Amino acid sequence: MRLVRSLNDLTKIVDEINGKGAAIKFLKENLTFVADVSDPMAEFELHIMGSFAQFERAVIR
C-alpha cells in the first residue's frame, strides 16, 4: 500500500505525526521515527523512498 506519491507529502506526514508525540515505524524497511530523536540514516532512507515514489508517479503520467 502506498502512503504518498511525493517526498514533500511524506516528510509532512512524518513531521505531523511526530509533532503530536507519536512514533512511526515502517515495518518492511525497519525504520522508526520518534519526535525529538534524530537518525540521519533513517531520514536518508525515508528521502530515498519518497524520491522513488515521486519519480514513479512522474513516469506514469
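Everything here concerns the structure above.
Because the structure is a prediction, the values reported are computed rather than measured.

What about unusual backbone geometry?
Move 1: Within the chain, Asn-30 stands out as a residue other than glycine whose phi angle is a positive 55 degrees.
Move 2: Here Asn-30 shows up in the loop between strand 1 (24–26) and strand 2 (31–33).
Move 3: Assessed through its relative accessible area of 56%, Asn-30 is described here as exposed.
Move 4: Of note in the backbone geometry, Asp-36 takes a positive phi value of approximately 65 degrees without being a glycine.
Move 5: Considering the arrangement of structural elements, one finds Asp-36 in the loop between strand 2 and helix 2 (40–60).
Move 6: Judged by relative accessible area, which is 83%, Asp-36 ranks as exposed.

With respect to the packing of helix 1 (residues 7–19) against helix 2
Move 1: Where helix 1 contacts helix 2, the two axes come as close as 8 Å, and the packing angle between them is 140 degrees. In terms of their interaxial angle, helix 1 and helix 2 are classed as oblique. Counted together, Leu-7, Leu-10, Thr-11 and Val-14 of helix 1 and Leu-46, His-47, Gly-50, Ser-51 and Gln-54 of helix 2 form the full contact between these two elements.
Move 2: Taken together, the residues of the contact of helix 1 with helix 2 break down into four nonpolar, five polar and no charged.

How each quantity is defined
Residues numbered from 1 in each chain as written. Predicted model: local features only at pLDDT ≥ 70, side-chain atom pairs only at ≥ 80, totals over all residues. Heavy atoms only, no water. Helix = DSSP H or I, 4+ residues; strand = E, 2+ residues; numbered from the N terminus. Buried < 20%, exposed > 50% of the residue type's maximum accessible area, 1.4 Å probe, protein only. Axes fitted to C-alpha atoms, helices over the stretch in contact; angles between N-to-C directions. Parallel < 35°, antiparallel > 145°, perpendicular 65-115°, else oblique. Contact = heavy atoms within 4.5 Å. Nonpolar A, V, L, I, M, F, W, Y, C, P; charged D, E, K, R; others polar.

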